[in-house]
Amino acid sequence: MNEPMILTILAAGFMVAFFHTAIPTHWLPFALTGRAQGWSHGKTLTITGFAALGHTAFTTFLGVLVALAGMTVDHWTGHIFPWIAGGILFAVGVFFLVRQATGHGHAHFLHRHDHSHDHGHAHEHHVHDHGDHHHHVSELFVESDATTIPAHKVSDRAAIVSLLALLTFSPCEGFVPIYVSAVRLGWSGFLLSSLVLAIATTAGMILFTALTLTGLNRVRLEAVEKYESGILGLVLCLLAIVIVFAEG
């Protein structure tokens with residue numbers, strides 16, 4: 001695989017991972033918890049960084065499984081593998097585009113509510129039940145009208161464990177197809193892809209959390225959240241076309 005192809009795959013991977021971190025679940029809980037717990041900006045960003053590494057680690061674990069399967073298939077299929085990889089990428093891309101078109105642009109653990117509330121008191125901001133490690137997260141936030149605000153203070157240990165678990169066990173599913181495209185690079189391609197994933201995820205999460213902490217969160221990211229599936233689908237489809245025409 002030539003150098004332009006390598007750079008194309010890594011650039012696509014960076015875009016997928018970075019845009020994924022623009023989703024509020026990757027930075028809003030950290031900023032709100034930091035304020036509720038009275039943490040310094042440095043401590044909040046440090047915890048955010050560790051959560052980004054956990055997020056990367058779990059996604060990389062899934063990537064190992066994909067790489068092993070892909071290398072086995074590549075060994076048996078030889079020259080037609082680019083068509084197989086391209087077909088998989090294109091199919092996944094179409095899936096995300098269809099999900100976008102049907103109004104399911106993104107679904108994650110925390111959900112924003114656009115409706116107004118007639119009652120004067122705030123209610124708990126719910127988190128989907130994914131085990132006991134999410135229990136304390138719902139205690140950290142309440143929602144009043146359209147604004148999510150910190151709730152009562154809990155122990156730092158409970159808050160940190162909840163935040164780390166929230167991201168660690170929620171992999172960047174959109175990056176897994178990138179591993180498929182990097183199979184022809186072997187384990188060196190896998191490591192490069194994982195490095196790009198780690199850099200993009202950590203940079204994005206820390207950047208958006210820092211902007212929120214410094215009061216610059218007026219930059220509206222709802223469009224990115226709303227159209228995440230569409231952006232991801234478009235990137236994967238374009239990458240599939242490049243791989244097929246360059247390698248097929």
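Participant: Whenever I open this one, the overall build of the chain confuses me. Can you help?
Facilitator: Assigned secondary structure in the chain consists of 10 helices and three strands. Counting helices and strands in the order they occur from the N terminus, the chain gives α-α-α-α-β-α-β-β-α-α-α-α-α. Per-residue burial for the chain yields a buried fraction of 48% across its 248 residues. Put simply, 79% of the contacts in the chain that link residues at least 6 apart link residues at least 24 apart. Accessible area for the chain stands at about 12,000 Å²; split by element, carbon and sulfur atoms hold 69% of it.

Participant: Explain a nonpolar patch on the surface to me, please; I cannot follow it from the model alone.
Facilitator: Residues Phe90, Val94, Leu97, Val98, Leu234, Leu238, Ile241 and Phe245 make up a contiguous nonpolar surface patch of about 750 Å² in total accessible area. Contributions of two or more residues to the nonpolar patch are made by α4 (81-101) and α10 (228-247). Inspection of the secondary structure assignment puts Val94 in helix α4. According to the relative accessible area criterion, Val94 is partly exposed, its value standing at 32%.

Participant: Sorry if this is basic, but what is going on with the packing of aromatic side chains here?
Facilitator: For any two aromatic rings, the description comes down to two numbers: the centre-to-centre distance and the angle of the planes. Tallied over the entire structure, the rule returns eight aromatic pairs. On the basis of an interplanar angle of 15° and a centroid distance of 6.4 Å, the ring pair of Phe58 and Phe61 is categorised as stacked. Placement of the pair is Phe58 and Phe61 together in helix α3 (residues 41-77), with a separation of three residues, close to one helical turn. In textbook terms, an aromatic cluster arises when at least three aromatic residues are bridged by ring pairs, as seen for Phe175, Tyr179, Trp187 and Phe190.

Participant: How do you make sense of the packing of helix α2 (residues 28-37) against helix α6 (residues 156-168) when you look at a structure like this?
Facilitator: Think of two packed helices as two axes; the pair is described by the angle between the axes and how far apart they sit. Two elements in contact, α2 and α6, have axes whose closest approach is 11 Å; the angle formed by their N-to-C orientations is 180°. By the angle between their directions, the pair α2 and α6 is classed as roughly antiparallel. Contacts from Pro29, Phe30, Thr33 and Gln37 in α2 reach Asp156, Ala159, Leu163, Leu166 and Leu167 in α6. Of the residues in the contact of α2 with α6, the class split is six nonpolar, two polar and one charged.

Participant: What's the story with helix α1 (residues 3-21) in this structure? I'm lost.
Facilitator: Because each turn of an α-helix spans 3.6 residues, side chains separated by three or four positions end up pointing in the same direction. Over its 19 residues, α1 extends 27 Å from the first C-alpha to the last, a length consistent with the 27 Å expected when each residue adds 1.5 Å. Along α1, the residues classified as buried are Met5, Ile9, Leu10, Ala12, Gly13, Val16, Ala17, His20 and Thr21. One side of α1 carries all its buried residues, which in axial view fall inside an arc of 165°. Across from the buried face of α1, at angles greater than 90 degrees, the exposed residues are Glu3, Pro4 and Leu7.

Participant: Would you mind showing me how to read empty space enclosed by the protein here?
Facilitator: Any space left empty among the atoms is revealed by the rolling of a water-sized probe across them. The tally for this structure, following the rule as stated, stands at two cavities of 30 Å³ or more. One number sums up the size of the second largest cavity: a volume of about 80 Å³. Lining the second largest cavity are Met15, Val16, Phe19, His20, Glu173, Gly174, Glu228, Ile231, Leu232 and Val235. Contributions of two or more residues to the lining of the second largest cavity are made by α1 and α10.

Quick notes on the rules
- Numbering of residues starts from 1 in every chain and runs along the sequence as written.
- Confidence filtering applies because this is a predicted model: local features only for residues at pLDDT of at least 70, side-chain atom pairs given and counted only at 80 or more, and all residues used for totals across whole chains, interfaces and linings.
- Think of the side-chain values as coming from all heavy atoms in the structure, minus any hydrogens and water.
- Think of it this way: any DSSP run of H or I at least four residues long counts as a helix, any run of E at least two long counts as a strand, and we number them from the N terminus.
- Burial classes: relative accessible area under 20% of the type maximum marks a residue as buried, over 50% as exposed, and values in between as partly exposed (1.4 Å probe, protein chains only).
- In this description, contact between two residues means that some pair of their heavy atoms is separated by no more than 4.5 Å.
- Here, Shrake-Rupley sampling with a 1.4 Å probe gives the accessible areas, and only protein chains in the shown set may cover a residue.
- By definition, no residue in a patch forms a salt bridge, and every one has over 30% relative accessible area; like charges are joined within 9 Å, nonpolar side chains (Val, Leu, Ile, Met, Phe, Trp, Tyr) within 5 Å.
- Whenever Lys or Arg places a side-chain nitrogen within 4 Å of a carboxyl oxygen from Asp or Glu, that contact is recorded as a salt bridge.
- A pair of Phe, Tyr and Trp rings is counted when the ring centres sit within 6.5 Å of each other, with Trp represented by its six-membered ring. The angle between the planes then sorts it: under 30 degrees is stacked, over 60 is edge-to-face, the rest tilted.
- For helices, the fitted line uses only the C-alpha atoms of the stretch in contact; every axis is such a line through C-alpha atoms, and the angle between N-to-C directions lies from 0 to 180 degrees.
- Note on terminology: angles under 35 degrees are roughly parallel, angles over 145 are roughly antiparallel, angles of 65 to 115 are roughly perpendicular, and the others are oblique.
- Amino acid classes used here: Ala, Val, Leu, Ile, Met, Phe, Trp, Tyr, Cys and Pro are nonpolar; Asp, Glu, Lys and Arg are charged; the rest, including Gly, are polar.
- Each helix should span, by expectation, one fewer than its residue count multiplied by 1.5 Å.
- In this context, the arc is that of the directions from the helix axis out to the C-beta atoms.
- With a 1 Å grid spanning the protein atoms alone, the term cavity applies to any set of points in which a 1.4 Å probe fits but cannot get out, the term pocket to an open set with protein on both sides within 12 Å along at least five of seven lines, and the term lining residue to any residue with an atom within 4 Å of a point.
- Grid points are joined across faces, edges and corners, and a volume is the space filled by probe spheres set on the points.

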